[in-house]
Amino acid sequence: MLSHSPVLLCDMRFVDPADIDSVAVEPDYCHRCGTEVGTSVFEGDEYPWCPACDLVLSRSPVPGVHVVVHDDSDVLVLDEPIPQHEGVLSLPGGHAKSDEGPKEAVVRELEEETGLRADPTDLRFVTILHAEKPRVAFYLITYAVDRSAVSGELNTEFDGFDAGFRPLAEIEASPDRIRASDLDRIQMAFEG
Ligand SMILES: [Zn+2]
């Protein structure tokens, strides 16, 4: 996790879009040199552009990673009673640190959040989800790993924060307890 606030850090499952305005909002000034941003036109579209750096300032989605740890029937989910999470189950994951690849990031987040360890070479690619909120968008790279390939004891990161294997059938029977996009990715992992 990245530290934006002291307790509930900047895991994108918790993120308040206001915390990452600098990435998501059209810039007024160049982040490199401070020059007022102008406009560059490329193939008919206008982009924010720094005339001093000759740099297009892209309003790119924020990358994140998730992992579906599962066996033939059960999947690892987090149950975190925090307002940002809207009372639903979620997948382990977060943001990559600078210079950290997505597989390394998701393995680190898995261990931080659940105590379970996985080898990046055991991860299977599942999908990339493009998730949009009013002021920010995410590309969420999703991997899967077999439960038999992870080691360690379940040991959650915070008090009142639960992580455990639950039957997929139980989760499917309570669709109000999980985001549709998370359930979709879990099902894709089981099918893969
Ligand atoms: Zn500049």
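What counts, and where the lines are drawn
- Residues numbered from 1 in each chain as written.
- Predicted model: local features only at pLDDT ≥ 70, side-chain atom pairs only at ≥ 80, totals over all residues.
- Heavy atoms only, no water.
- UniProt positions renumbered as here; feature names shortened; annotations may be inferred.
- Helix = DSSP H or I, 4+ residues; strand = E, 2+ residues; numbered from the N terminus.
- Buried < 20%, exposed > 50% of the residue type's maximum accessible area, 1.4 Å probe, protein only.
- Contact = heavy atoms within 4.5 Å.
- Areas by Shrake-Rupley, 256 points an atom, 1.4 Å probe, with all protein chains shown as cover.
- Expected span 1.5 Å × (residues − 1).
- Salt bridge = Lys/Arg side-chain N within 4 Å of Asp/Glu carboxyl O.
- Patch = residues over 30% accessible without salt bridge, like charges linked within 9 Å, V, L, I, M, F, W, Y side chains within 5 Å.
- Pairing = 2+ DSSP bridges.

- Within an unreviewed UniProt entry, the label attached to the protein chain reads NUDIX domain-containing protein, and the organism entered is Haloferax litoreum.
- Listed in UniProt under the heading Cofactor (unreviewed entry), the comment for the protein chain reads: "Mg(2+)".

1. Let's talk about the overall build of the protein chain
Here is step 1 of the chain: Summing up its helical and strand segments, the protein chain has 4 helices and 10 strands in all.
Here is step 2 of the chain: Beginning at the N terminus, the succession of helices and strands in the protein chain can be written as α-β-β-β-β-β-β-β-α-β-β-β-α-α.
Here is step 3 of the chain: Taken over 192 residues, the protein chain has a buried fraction of 42%.
Here is step 4 of the chain: Partitioning the contacts of the protein chain with sequence separation of at least 6, the portion at a separation of at least 24 is 62%.
Here is step 5 of the chain: Per element, the accessible surface of the protein chain, about 10300 Å² overall, is 49% carbon and sulfur.

2. Focus: helix α2 (residues 102-114)
Here is step 1 of the chain: With 13 residues, α2 extends 18 Å between its outermost C-alpha atoms, agreeing within 8% with the 18 Å of an ideal straight helix rising 1.5 Å per residue.
Here is step 2 of the chain: For α2, the set of buried residues is A105, V106, V107, R108, E109, L110, E113 and T114.
Here is step 3 of the chain: In this structure, the buried side of α2 is in contact with β4 (62-70), β5 (74-79), β7 (93-94), β9 (136-146) and β10 (162-167).
Here is step 4 of the chain: Just past α2, the residue G115 takes up positive phi, approximately 85°.

3. Some remarks on the pattern of salt bridges
In a structure, side chains of opposite charge can pair up when their charged atoms sit close to one another.
Here is step 1 of the chain: Overall, the coordinates contain 11 salt bridges when judged by the stated rule.
Here is step 2 of the chain: One salt bridge connects R147 with D74, and the closest N-O pair in it is separated by 3.9 Å. Here the residue R147 occupies a position in the loop between β9 and β10, and D74 occupies one in strand β5, the gap between them amounting to 73 residues.
Here is step 3 of the chain: We classify R147 as partly exposed; its relative accessible area is 32%.
Here is step 4 of the chain: For D74, a relative accessible area of 17% translates into the label buried.

4. Describing a nonpolar patch on the surface
Here is step 1 of the chain: Nonpolar side chains collect at one region of the surface, where F42, Y47 and V56 lie side by side and expose about 280 Å² of accessible area between them.
Here is step 2 of the chain: You can see V56 is positioned in strand β3 (residues 55-56).

5. A few points about the sheet that holds strand β1 (residues 38-42)
Here is step 1 of the chain: Across the sheet, which stays open at both edges, the 3 strands sit in the order β1-β2-β3 with antiparallel pairing between neighbours. The open sheet has two edge strands with one neighbour each: β1 and β3.
Here is step 2 of the chain: As paired elements, strand β2 (residues 45-50) and β3 share 2 bridges and run antiparallel to each other. From the neighbouring strand, W49 faces β3, where its bridge partner is V56.

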